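Below, each chain spelled out in residue letters.
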Amino acid sequence: MTRGIVVGLLLLMLARTGGAGVLPEDRADLLLHSYDGGGVTIQGPSLLVRKQFAQKFSVSANYYVDKVSSASIDVITTASPYKEQRTQKSIGFDYLHDRWTMNLGFISSVENDYTANTFTFGVSQDVFGDLTTISLGYSLGNNEVRRRGDATFHDTVKMQSYRLGVSQILTKNLLVGFSFETITDEGFLNNPYRQVRYLDSGSPIGYSYEREIYPRTHTSDAAALRMRYYLPWRAALSAEYRDYHDTWGVKGGTFELGYTHPVDRWTFDGKIRSYSQTKGNFYADLFPRSHYQNFIARDKELSTFSSQSISLGATYDIMKGGWKFIQKGTLNIVFDHFMFDYQDFRDLRTIAATPGTEPLYNFDADVFEFFASFWF
Amino acid sequence: MPKIRIHRAAMSAALAALGCCVLGGCSIEPWVKPYERDHMADKIMSLDPNPVSSAYIDHVHDAREGARGATGGAGGGCGCN
Amino acid sequence: MLRAFSIVVLSALVASLAWAADAVKGPAPGFALQSRDGAKVSPAQFKGDVVMINFWATWCVPCRAEMPKLEALYQHYNKLGFKLLAVNVENNPDGVKKWLAETPVSFPVLFDTKSEVSKLYKVETMPTTVIVAKDGTMRYLHHGYQPGYENDYQTEVRTLLRE
């Protein structure tokens, strides 16, 4: 029924005529990113270019790389550190007609044991004197999962996502938005390397490992409310709350607060974010015996944990008045510090006398972004 | 789960009221006029000023957290054209 | 939840179908606004000429893109009896004067700091362009600006100049 409504809304939006919407600006951005935390380092570039054609189309392309060096807690306790690279290329087309904008996108992500191809489609429209923007979106993904060192293993994942968004200008100074997204996956949904542990008196350390077994379907719902408020001294306050739950029993909540302050050619941004979730139905740090239940997982992403982060950013306008065909340019730096705290995932680098009493795991991560943006 | 039932009943009532009003055509004039959109048009009020950065940080969150989805947003701005 | 929300969105879209722009007709409402040199300017002063009233703001991207086109139109037809009044809708004229120093225009720029004239002309989009004939009646109304609109303006101004 949900799908029927979304399709119906899409058709209704396509039938509309009226005034005119606005295409996204022409720009080029080059980002250098770096993540360091929990024994994992990931670096790489992200290049984005966008250009309008014939006042009706806007084409964008993105090239993104993650160079991963992983000695994470899972890798260290059950495998050996590895290096790999993930390359993601995407292309998008926006088409503007009267008051609505349609977008189509293709994203391809490749790494040595995972390929993901995603098609996205979306429509958005301004209504009620341009105070309200309604957006609908659909994505379809076809992914291939492989396992390094095991040429016989090959499986697939099919993903579909339905998105609905409404943003509303409430006053001259206040903008609010609601968004909903439902995602369903089918196929091989876990990591092909990860293992669960179970009590095993026959083992010298008191426990043994076996492969995870996940359900072959997963459906999740997320609903978010966000707002942006213009402060009288020319600054902006933002707040966001997102609620998440899925068919695997995971419930998550995100809360974020931000402040933007411009001063001359500088703009400063500060954000605090708090995420917490409760564990999935088939997750356990330590199972009582082998094949304890139909589905077994020890992925810390499915455990009960919280992630707090603080973000600081600065932007500098380097081209007041433009230069040749470039109208505007900025240099930007953003720093995020994350603190992850797990309530039911234990740090197995410590051997405990009794399995299940190892210290709970926690780690910090530092993320740096340095990027230059040009508008033309 | 009685809380959810109350919540849903209230939602349905509000939606029914809104739906009737809206379909009945009690024409709502835009209360923020296009010539009052100067603050909305300011770059500091943009919901997503740096798409390359927000896409990256969304990916950092998605890769480590169980939750996913509902991260986007469009709207606001100067409403020109 | 998604289902219920979709119903709201569907209702909003159906309601927005009723939102239609009015065709423009009747005499152009009178007003008097201060211009750059301090003098009060009113469209009534130009009865007998074709007058274009353009509502704009420095924060509006299509308005800024339209300005050079309006300047070209003004230069071309001013001596033939075409007048252009650019009504700026911002509360603070100082920022506007700074922008005009960098992008000069030769037609009068008027300051509607209290939005009274914008309300009078029921401005629904930014920019809005109204073209008034020699007899003082409004004839053409343009919502927004897209490249190419200046060709329509030229055709309409020439039609009205011939009356």
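Whatever comes next refers back to the structure up there.
All values derive from a computational prediction rather than experimental measurement. (Residues numbered from 1 in each chain as written. Chains lettered and ligands numbered in written order. Predicted model: local features only at pLDDT ≥ 70, side-chain atom pairs only at ≥ 80, totals over all residues. Heavy atoms only, no water.)

Draft legend 1. The arrangement of the interface of chain B and chain A in detail. Listed as interface residues are 43 residues of chain B and, on the opposing side, 69 residues of chain A. Taken together, the two surfaces of chain B and chain A that pack against each other cover about 4700 Å², and 58% of this comes from carbon and sulfur. Contact with chain A buries surface across chain B, with Tyr56, Arg64 and Arg68 of chain B losing the most and accounting together for 17% of the total. There are three salt bridges connecting chain B and chain A. A salt bridge links Asp185 of chain A to Arg68 of chain B, with the shortest nitrogen-to-oxygen separation between them at 2.7 Å. The tally of links between chain B and chain A comes to 23 residue pairs in polar contact (both at pLDDT 80 or more). If you list the elements that add at least two residues to the side of chain B that touches chain A, you get α2 (38-41) and α3 (51-64) of chain B. A per-element tally of the side of chain B that touches chain A places α3 of chain B first, with eleven residues. (Contact = heavy atoms within 4.5 Å. Buried area = accessible area lost by both parts, 1.4 Å probe. Salt bridge = Lys/Arg side-chain N within 4 Å of Asp/Glu carboxyl O. Polar contact = N/O pair within 3.5 Å; in protein donor to acceptor, adjacent residues only side chain to side chain. Helix = DSSP H or I, 4+ residues; strand = E, 2+ residues; numbered from the N terminus.)

Draft legend 2. Structural detail: the environment of Phe374 of chain A. Residue and element names in this part refer to chain A. Along the chain, Phe374 falls in strand β18 (residues 360-375). Judged by its relative accessible area of 26%, Phe374 is partly exposed. Along the chain, Phe374 and Gly322 lie 52 residues apart, while their C-alpha atoms are 9.7 Å from each other. (Buried < 20%, exposed > 50% of the residue type's maximum accessible area, 1.4 Å probe, protein only.)

Draft legend 3. Expanded view of the packing of aromatic side chains. Residue and element names in this part refer to chain A. Under the definition given, this model contains 32 aromatic pairs over all chains. Both rings, one in Tyr207 and one in Tyr209, keep their centres 5.8 Å apart while their planes meet at 85°; by these two values the pair is edge-to-face. Classification of Tyr207 by relative accessible area gives buried; the value is 5%. The exposure class of Tyr209 is partly exposed, given its relative accessible area of 26%. Ring geometry for Phe287 and Tyr292: centres 6.2 Å apart, planes at 40°, overall tilted. The buried category is assigned to Phe287, whose relative accessible area is 3%. (Phe/Tyr/Trp six-rings, centres within 6.5 Å; stacked < 30°, edge-to-face > 60°.)

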